[in-house]
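# Architecture and fold: a report
Single-letter residue listing:
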Amino acid sequence: AGNNLGSGGDFTVNSGPYVGARGGSEFWARSVEGTGSSGISLTRGAMSGGASSPNLTVVFSVYLDSRNSQKGWFGCGGNHFLCYNDSSGNVFIGNAFADSNVTISSSSSPFSTGSWHTVLWSMVSNGTSSQRHVYVDGVDYGHNQTWTQTRSTFDLTGGTSGILSDNNGSQNLNGKIAGLYIDQTYTDFSQESNRNKFIDQLGYPKDLGADGSEPTGSSPLVYMKFDNTASFGTNVGTGGNYTVNGAITAGADFTP
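Read on for a plain summary of the structure. Values in this document were obtained by computation on a predicted structure and should not be read as measured data. (Residues numbered from 1 in each chain as written. Predicted model: local features only at pLDDT ≥ 70, side-chain atom pairs only at ≥ 80, totals over all residues. Heavy atoms only, no water.)

Right, let's get into the overall build of the protein. From N to C terminus, the protein includes one helix and 18 strands. Across the 256 residues of the protein, 49% fall into the buried class. The long-range fraction of contacts in the protein, counting pairs at least 24 apart against all pairs at least 6 apart in sequence, stands at 67%. (Helix = DSSP H or I, 4+ residues; strand = E, 2+ residues; numbered from the N terminus. Buried < 20%, exposed > 50% of the residue type's maximum accessible area, 1.4 Å probe, protein only. Contact = heavy atoms within 4.5 Å.)

Here you go:
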């Protein structure tokens, strides 16, 4: 607590150490906003370096303005991997074929509208139940939901990938996405130390580095920081940049 990064030397800690309130100098996650209208999204074709892999790790933050009709939040490899809510407000993550996915919320929880939510999701599609994880706002939802798991791999080698939509269709998110991270690796999110690589102990997104390699030492397929408002489609991961479709604007920051 007394660490001074300036030149004047450290302070002496009395009745400590302790952790104080989050300060204004902490990381502010930038976001991109969709209105729910058709054609407002980020898209790209086949992911550079995309593969057919049983492993996926996905981390993101979302702010929903509404979810009273079916909306695609993002997708990768066509419909082989996507996150969306249905017309009843239930939220799913997995794929459109519904053979390897999980319902990560009912219509009542945990994705309330009008506030930010963090999500950590990982899965080995041909693995065991201990290799499937969903954490929303720090709460383990993976073991309270019914998983469907028959697909051996998630194919990210082709098809259109999208953000604020699955593939620039008509079911576009009415809300904001921040810090979208997608990688074809498995992360054991049952370990708090692994969760804390992506989301800090106070529940806020962390800066994952210039190319998203901070948590694991290697850059993921997708890491969208949305910090360049002149180029919302910039992907600092390895999969290549997205094309901006429609009147996409900067959303509010996920602030301390």
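Picking up after the structure, the text goes on.
For the rest of this paragraph, the subject is unusual backbone geometry. Of note in the backbone geometry, aspartate 137 takes a positive phi value of approximately 55° without being a glycine. Examined against the element boundaries, aspartate 137 turns out to sit in the loop between β10 (132-136) and β11 (139-140). Despite not being glycine, phenylalanine 226 has its phi angle at roughly 55°, a positive value.

What follows is about the side chain of histidine 133. With respect to the helices, strands and loops of the structure, histidine 133 is situated in strand β10. At a separation of 3.2 Å, a polar atom in the side chain of histidine 133 contacts the main-chain carbonyl oxygen of serine 130. Apart from residues no more than four positions distant in its own chain, histidine 133 is found in contact with Leu120, Trp121, Ser122, Trp147, Tyr186, Thr187, Asp188, Phe189 and Ser190. (Polar contact = N/O pair within 3.5 Å; in protein donor to acceptor, adjacent residues only side chain to side chain.)

For the rest of this paragraph, the subject is the nonpolar core. Counting residues in hydrophobic clusters, the biggest one holds 39 residues, and the most contacted among them are Phe60 and Phe74. Among the elements of the structure, β4 (55-64), β5 (71-76), β6 (81-85), β7 (91-94), β9 (116-124), β10, β15 (174-183) and β16 (222-224) are those that each provide at least two residues to this core. Sorting elements by how many residues they give to this core places β4 first, with five residues. Filtering out sequence-adjacent residues up to four positions away, phenylalanine 60 remains in contact with Trp73, Phe74, Cys83, Ile93, His117, Thr118, Val119, Ile177, Ala178, Gly179 and Leu180. Residues Leu120, Tyr135, Tyr181 and Phe198 belong to the second largest nonpolar core, which totals nine residues. (Core = buried A, V, L, I, M, F, W, Y, C linked by side-chain atoms within 4.5 Å.)

Below, the discussion takes up the pattern of salt bridges. In this structure the tally under the stated criterion is four salt bridges. Between lysine 176 and aspartate 65 there is a salt bridge; the shortest N-O distance is 3.8 Å. Of this pair, lysine 176 sits in strand β15 while aspartate 65 is found in the loop between β4 and β5, placing the two residues 111 residues apart along the sequence. Classification of lysine 176 by relative accessible area gives buried; the value is 7%. We note a salt bridge from lysine 225 to aspartate 207, for which the minimum N-O separation is 3.2 Å. Residue lysine 225 is located in the loop between β16 and β17 (243-245), and its partner aspartate 207 is located in the loop between α1 (192-195) and β16; the two are separated by 18 residues in the primary sequence. Put simply, Glu33, Asp65 and Lys176 are held in one network by salt bridges that share partners. (Salt bridge = Lys/Arg side-chain N within 4 Å of Asp/Glu carboxyl O.)

Let's shift gears to the pairing of β4. Along β4, nine of the 10 residues are buried, which leaves the element largely enclosed by surrounding structure. Two strands pair when backbone bridges link them, and β4 and β9 are joined in this way by nine bridges, in the antiparallel orientation. Bridged to serine 61 within β9 is threonine 118. (Pairing = 2+ DSSP bridges.)

With nine of its nine residues buried, β9 lies for the most part within the structure. By the alternation rule, side chains of β9 split into Trp116, Thr118, Leu120, Ser122 and Val124 and His117, Val119, Trp121 and Met123, which are all buried. In terms of strand pairing, β9 meets β10 through five bridges, oriented antiparallel. When the sheet's bridge partners are listed, valine 119 is paired in β10 with valine 136.

If you trace the backbone, threonine 243 turns up in strand β17. Taking the relative accessible area as the measure of exposure, threonine 243 reaches 46% and is therefore partly exposed. The residues contacting threonine 243, other than those within four sequence positions of it, are Ser41, Leu42 and Thr43.

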